[in-house]
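Each chain, letter by letter, is given below.
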Amino acid sequence: LAAEALGVMSQGELHALALSLFFPRATLDESPFRFVVVDDPVQSMDPSRVDGLALVLADVAKRRQVVVFTHDDRLREAVGRLGIDATVIEVVRREDSGVELRESSDPVRRHLDDADALVKTTELPAHIATQVVPGFCRSAIEAACSAVIRRRWIGRGDPHVRVEDALARAGLTERLAIALYDDPRRGKDVGAKLNQWGVELADAWAIANRGAHAGYGGSLTDLVRNTERLCLRIKALA
């Protein structure tokens, strides 16, 4: 019976079922609306369904303007990895409940922009910047590695669960080892490889790896610039 089936379906499966009924009705030729608005469709979906949803949204967008509200970064990641053309607007809450809308870049760019903004600010004490900026640089490198790993592994058919589990267990050096060699156990080879790309890039990795904990007393401006160069080299591996 239908009631029994609904009783054993997960929340993500129920969302997928609801969307499968919603999109055909919302895109009927008789509909006066030339747009579709969906609120948080990714909630409780497993990663493979998020990829499927991204493809469905791309197909609907050929005939309608599609607006999606979500708190879940997985949809944005899937859209980027699958090469789907989309504009991502980020809602940022400022002081006194002020709301700012800004076009969102990929996670690597966002971390680098945050690091650069902290370098340029005059309101942040220097001893705090020496730890916080390397932390954002580390996050940028990790995001670049994650993008390469997801694109490569999911593209070759590895289950999403395996990919996310590997990322969750991997630190910065392990992620670099996977991105470079497809093997997290080759962390000892990472430094030599990055030195081949340039001493400054290898230094950026080393500083980001330890600076987030111990701080860094050198030029933060150079650190951000070299981290950006390193991330570009990593992303080219995809």
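Every value quoted in this text rests on a predicted model; they were computed, and no experiment measured them. (Residues numbered from 1 in each chain as written. Predicted model: local features only at pLDDT ≥ 70, side-chain atom pairs only at ≥ 80, totals over all residues. Heavy atoms only, no water.)

Engineer: Outline the overall build of the protein, supporting the account with residue identities and numerical values.
Structural biologist: Broken down by element type, the protein carries eleven helices and four strands. If you line up the protein on its principal axes, its C-alpha atoms span 65 × 45 × 30 Å. With 238 residues in all, the protein has 36% of them scored as buried. If you sum the accessible surface of the protein, you get close to 13800 Å²; carbon and sulfur atoms cover 53% of it. Looking at the protein, you have 32 positive and 35 negative side-chain charges, and the mean spots of the two groups are 5 Å apart. (Helix = DSSP H or I, 4+ residues; strand = E, 2+ residues; numbered from the N terminus. Buried < 20%, exposed > 50% of the residue type's maximum accessible area, 1.4 Å probe, protein only. Areas by Shrake-Rupley, 256 points an atom, 1.4 Å probe, with all protein chains shown as cover. Lys, Arg positive; Asp, Glu negative; His and termini not counted. Charge placed at Lys NZ, Arg CZ, Asp CG, Glu CD.)

Engineer: If you had to explain the packing of aromatic side chains to someone new, which residues and values would you point to?
Structural biologist: Given two aromatic rings, their pairing is described by the distance between the two centres and the angle made by the two planes. In this structure the tally under the stated criterion is two aromatic pairs. A centroid spacing of 5.4 Å and a plane angle of 55 degrees characterise the contact between phenylalanine 22 and phenylalanine 23, whose relative ring orientation is tilted. For phenylalanine 23, a relative accessible area of 7% puts it in the buried group. Centre to centre, the rings of phenylalanine 33 and phenylalanine 35 are 5.7 Å apart; their planes meet at 65 degrees, and the pair counts as edge-to-face. Sitting over the ring of tyrosine 181, arginine 186 keeps its end group 3.8 Å from the ring centre. (Phe/Tyr/Trp six-rings, centres within 6.5 Å; stacked < 30°, edge-to-face > 60°. Lys NZ or Arg CZ within 6 Å of the ring centre and 35° of its normal.)

Engineer: Describe in detail the packing of helix H8 (residues 172-181) against helix H9 (residues 190-197), supporting the description with residues and values.
Structural biologist: As a packed pair, H8 and H9 sit with axes 10 Å apart at the nearest point and diverge in direction by 65 degrees. Viewed along their axes, H8 and H9 adopt a mutual orientation that is roughly perpendicular. When the axes of H8 and H9 are compared, the crossing they make is left-handed. Facing Thr173, Leu176, Ala177, Leu180 and Tyr181 of H8, the residues of H9 in contact are Val190, Lys193, Leu194 and Trp197. Among the residues making up the contact of H8 with H9, the classes are represented as seven nonpolar, one polar and one charged. (Axes fitted to C-alpha atoms, helices over the stretch in contact; angles between N-to-C directions. Parallel < 35°, antiparallel > 145°, perpendicular 65-115°, else oblique. Left-handed = near helix turned anticlockwise from the far one by under 90°. Contact = heavy atoms within 4.5 Å. Nonpolar A, V, L, I, M, F, W, Y, C, P; charged D, E, K, R; others polar.)

Engineer: Account for a nonpolar patch on the surface, with residues named and values stated.
Structural biologist: There is a patch of nonpolar side chains on the surface, built from Phe33, Phe35, Val37 and Phe69 and spanning about 400 Å² of accessible area. By secondary structure assignment, the location of phenylalanine 69 is in strand E2 (residues 65-69). Look at phenylalanine 69 and you get partly exposed, because its relative accessible area is 47%. (Patch = residues over 30% accessible without salt bridge, like charges linked within 9 Å, V, L, I, M, F, W, Y side chains within 5 Å. Salt bridge = Lys/Arg side-chain N within 4 Å of Asp/Glu carboxyl O.)

Engineer: Got a sec to walk through the pairing of strand E4 (residues 99-103)? Specific residues and values, please.
Structural biologist: Across the five residues of E4, zero count as buried, placing the element largely on the outside. The sheet contact formed by strand E3 (residues 89-93) and E4 spans five bridges and is antiparallel. Considered in E4, the bridge of valine 92 is made with glutamate 100. Hairpin connection, E3 to E4: the antiparallel pair is bridged by five residues, and aspartate 96 has positive phi, about 60 degrees. (Pairing = 2+ DSSP bridges.)

Engineer: Explain the environment of proline 134 to me, using residue names and the numbers behind them.
Structural biologist: Mapped onto the fold, proline 134 is located in helix H6 (residues 126-155). Judged by its relative accessible area of 0%, proline 134 is buried. Along the chain, proline 134 and leucine 82 lie 52 residues apart, while their C-alpha atoms are 30 Å from each other. If sequence neighbours within four positions are ignored, proline 134 has contacts with Ala129, Ile207, Ala208, Gly211, Ala212, Tyr216, Leu220 and Leu223.

Engineer: Before we move on, could you go through the nonpolar core and cite the residues and values that matter?
Structural biologist: Side chains of nonpolar character tend, in soluble globular proteins, to be buried together. Counting 32 residues, the largest nonpolar core has Ile141, Leu176, Leu194, Leu230 and Ile234 as its most contacted members. For this core, the secondary-structure elements that each account for two or more residues are helix H5 (107-120), H6, H8, H9, helix H10 (199-214) and helix H11 (220-235). Among the elements that take part in this core, H6 stands out by supplying nine residues, more than any other. Once you skip the residues sitting within four places of it in the chain, leucine 230 turns out to touch Ile141, Leu194, Trp197, Leu201 and Trp205. Ala26, Val50, Leu53 and Leu57 belong to the second-largest nonpolar core, a separate cluster that totals 16 residues. (Core = buried A, V, L, I, M, F, W, Y, C linked by side-chain atoms within 4.5 Å.)

Engineer: I'd like to hear about helix H4 (residues 73-81), residue by residue, with values.
Structural biologist: Listed in full, the buried residues belonging to H4 are Leu75, Ala78, Val79 and Arg81. Downstream of H4 by one or two residues, glycine 83 has phi in the positive range, about 70 degrees.

These figures capture arrangement, not role.
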